[in-house]
Amino acid sequence: MIEIRIIDRRYLDEPSWENLARRGSFYHTLQWVDICAKGIPGRGIFVCGYENDSLLCGMPAIISRRMGAKSFYSMPNGTYGAVLWSEDILSDHREQFGRGLIDYFTENSFSQVIIVDYANSLGFWQNRRFSSESNSTHILDLRGENDFSPPKKVMTEIKIGEKARGEVIRITDDHWLEEYYALYLRNELRHGRSRPLYEKRFYEAIVEKLKDSDNLYWNGLIVKDRLIGSQIHFIHNKAQYYWQAVSDFDKRNFRPDYRLLYDAIKYNRNQGVLTVNLGASPADAEGLVFFKERWGGRKFKYPILTNKSKLRKLLGR
């Protein structure tokens, strides 16, 4: 019989969770939970299933409060969460944990629950309270390639940018943070978002938690001592996660998106990375999808499970 425990981040058995997190994405790690808790902000918790004090499964989450409403995210802003199962877990245990999740959500007055189930770990879960919508990413498979070589059309774009000059650097501290965030805000406005998804404290949390870690590859393109483009990649379990890119639209002739992604893939392939996850693709982002497919990325679909309170539905939020 599985025992469900809701564990605050402060009291988590870190070695046990880190062992389980090797089976998931970067977004299941303690580092990402800590970044989100500080940057969103919110409270980091873990919904865990134990048998005889042995961790069999678990799901990380951020609980945030806004205007009195409480939300549960695993994980926030579309990053992957959902349940991680130990290798030898029984189907009965999965079903018990699934029922335990429903009990937990029922007992707590969440205005919304969002679970990004990248691995379809809750595919067996039949619950009418939750709606399921399909999202997608693109995966670049590097297995079998010793030296990564982009497709010819991509390489042409990279060479055009290199002729325009500029220097690709690796960002390891907060020296470029102000310029990065200024570019981010300009990119948000260009895409029609007057209110940015992330405040500067989120990036400060990334620097604080990951600046000395091999789990972060953050690079930038410098032209005349100015940052004109930058990308943030996370590394976990031989996989690279392309999380965010910013660039100066007026300097697009330097091809920062192509050059920085090429730099990141080359570097991390040499460190043993086998797959590159190119990030979520909104349904209407045709240009973004074109960019990913140009690199050879293959589309991968996954569900996002959502439950919203009647009031939240009524307000259309």
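Keep in mind that what you see is a predicted model, and the values were worked out from it rather than measured.

A.B. asks: I keep staring at the overall build of the protein chain and nothing clicks. Help me out?
C.D. replies: In terms of helices and strands, the protein chain carries 9 helices and 13 strands. Relative to the globule expectation of 20 Å for 317 residues, the C-alpha radius of gyration of the protein chain, 20 Å, shows essentially globular dimensions. Each of the three principal axes of the protein chain carries a C-alpha extent, and together these read 65 × 45 × 35 Å. Within the protein chain, contacts between residues at least 6 apart in sequence are counted, and of these 74% link residues at least 24 apart. Taking the average place of the 48 positive charges on the side chains of the protein chain and the average place of its 40 negative ones, the gap between the two points comes to 6 Å.

A.B. asks: Explanation requested: the packing of aromatic side chains in the structure shown.
C.D. replies: Within a pair of aromatic rings, the relevant descriptors are the distance that separates the centres and the angle that separates the planes. Under the defined criterion, the tally for this structure stands at 44 aromatic pairs. Judged by centre distance (6.3 Å) and plane angle (75°), the ring pair of phenylalanine 105 and phenylalanine 110 falls under edge-to-face. Phenylalanine 110 carries the same exposure label as phenylalanine 105, and that label is buried. Relative to tyrosine 203, the ring of tyrosine 198 lies with its centre 6.2 Å away and its plane at 75°, an arrangement referred to as edge-to-face.

A.B. asks: I tried to follow the nonpolar core on my own but got confused; where do I start?
C.D. replies: In globular proteins that are soluble, nonpolar side chains generally tend to be buried together. In terms of nonpolar packing, the biggest core is built from 52 residues, with Trp17, Trp32, Tyr203, Ile206, Phe234 and Trp243 touching the most fellow members. Those residues in contact with phenylalanine 234 that sit more than four places away from it in its chain are Phe26, Tyr27, Trp32, Ile206, Leu210, Asn215, Leu216, Ala239, Gln240, Tyr241 and Trp243. Ile2, Leu56, Ile63 and Phe110 belong to the second-largest nonpolar core, a separate cluster that totals 25 residues.

A.B. asks: What is the right way to read the side chain of glutamine 96 from this model?
C.D. replies: Positionally, glutamine 96 belongs in helix 3 (residues 91–107). For glutamine 96, a relative accessible area of 17% translates into the label buried. Those residues within four positions of glutamine 96 in sequence are excluded, and the remaining contacts are Met1 and Ile2.

A.B. asks: What should I look at first to understand the pattern of salt bridges in this one?
C.D. replies: If the charged atoms of two oppositely charged side chains come close together, the side chains can form a pair. Applying the stated criterion across every chain, the model contains 15 salt bridges. Note that arginine 43 and aspartate 8 form a salt bridge whose closest N and O atoms lie 3.0 Å from each other. Taken as a pair, arginine 43 in strand 2 (residues 43–51) and aspartate 8 in strand 1 (residues 3–8) lie far apart in primary sequence, 35 residues in all. Arginine 9 is paired through a salt bridge with aspartate 34; the nearest N and O atoms lie 2.8 Å apart. On the criterion of sequence distance, the pair formed by arginine 9 in the loop between strand 1 and helix 1 (14–21) and aspartate 34 in helix 2 (residues 30–39) is long-range, its members being 25 residues apart. Among the residues examined, arginine 9 registers a relative accessible area of 16% and is labelled buried.

A.B. asks: Before we go on, may I ask you to explain the packing of helix 5 (residues 177–190) against helix 6 (residues 200–210) in this structure?
C.D. replies: Each pair of packed helices can be described by the angle between their axes along with the distance between the axes. With their axes 10 Å apart at the nearest point, helix 5 and helix 6 run at an angle of 140° to one another. Regarding the angle of helix 5 to helix 6, the classification is oblique. You can see that helix 5 and helix 6 cross each other, and the crossing is right-handed. Listed contacts from helix 6 to Leu177, Glu178, Tyr180, Tyr181 and Tyr184 of helix 5 are Lys200, Tyr203 and Glu204. When the residues that make up the contact of helix 5 with helix 6 are grouped by side-chain class, the tally is 5 nonpolar, no polar and 3 charged.

A.B. asks: Which parts of the structure should I look at to understand the packing of helix 2 against helix 6?
C.D. replies: At their nearest, the axes of helix 2 and helix 6 sit 8 Å apart, and the two run at 145° to each other. As for how helix 2 packs across helix 6, the hand of that crossing is right-handed. Residues Gln31, Trp32, Asp34, Ile35, Cys36, Lys38 and Gly39 of helix 2 lie in contact with helix 6, whose contacting residues are Arg201, Phe202, Ala205, Ile206, Glu208, Lys209 and Leu210. Tallied by class, residues from the contact of helix 2 with helix 6 come to 7 nonpolar, 2 polar and 5 charged.

What counts and how
Within any chain, residue numbers begin from 1 and follow the written order of that chain's sequence. Per-residue local features are limited, in this predicted model, to residues with pLDDT of at least 70; the limit for side-chain atom pairs, both in listing and counting, is 80 or more; totals at the level of whole chains, interfaces and linings are taken over all residues. The side-chain quantities take in all heavy atoms of the structure and omit both hydrogens and water. Here a strand is any run of E in DSSP of at least two residues, a helix any run of H or I of at least four, and the numbering for each starts at the N terminus. Note on method: radius of gyration uses C-alpha positions; expected globular size equals 2.2 Å times residues raised to 0.38. Residue contacts are counted whenever heavy atoms from the two residues lie within 4.5 Å of one another. For the purpose of counting charges, residues Lys and Arg are taken to be positive, whereas Asp and Glu are taken to be negative. His and the chain ends are not included. Working definition for charges: the position is that of NZ of Lys, CZ of Arg, CG of Asp or CD of Glu. Here the aromatic set is Phe, Tyr and Trp, taking the six-membered ring for Trp, and pairing holds for ring centres within 6.5 Å; pairs whose planes are under 30 degrees apart are stacked, those over 60 apart are edge-to-face, and all others are tilted. Here the term buried applies to any residue with accessible area under 20% of the maximum for its type, exposed to any over 50%, and partly exposed to those in between, with areas from a 1.4 Å probe on protein chains only. Note on terminology: a nonpolar core comprises buried Ala, Val, Leu, Ile, Met, Phe, Trp, Tyr and Cys residues joined through side-chain atoms within 4.5 Å. We define a salt bridge as a contact between a side-chain nitrogen of Lys or Arg and a carboxyl oxygen of Asp or Glu at a distance within 4 Å. Lines fitted to C-alpha atoms define the axes, with helix axes restricted to the stretch in contact, and inter-axis angles between N-to-C directions lie between 0 and 180 degrees. Angle categories are assigned with fixed cut-offs, so that under 35 degrees is roughly parallel, over 145 is roughly antiparallel, 65 to 115 is roughly perpendicular, and the rest are oblique. Helix crossings get a hand from a simple test, with the near helix turned counterclockwise from the far one by less than a right angle marking a left-handed crossing and a clockwise turn marking a right-handed one. Asp, Glu, Lys and Arg are counted as charged, while Ala, Val, Leu, Ile, Met, Phe, Trp, Tyr, Cys and Pro are counted as nonpolar; the rest, among them Gly, fall into the polar class.

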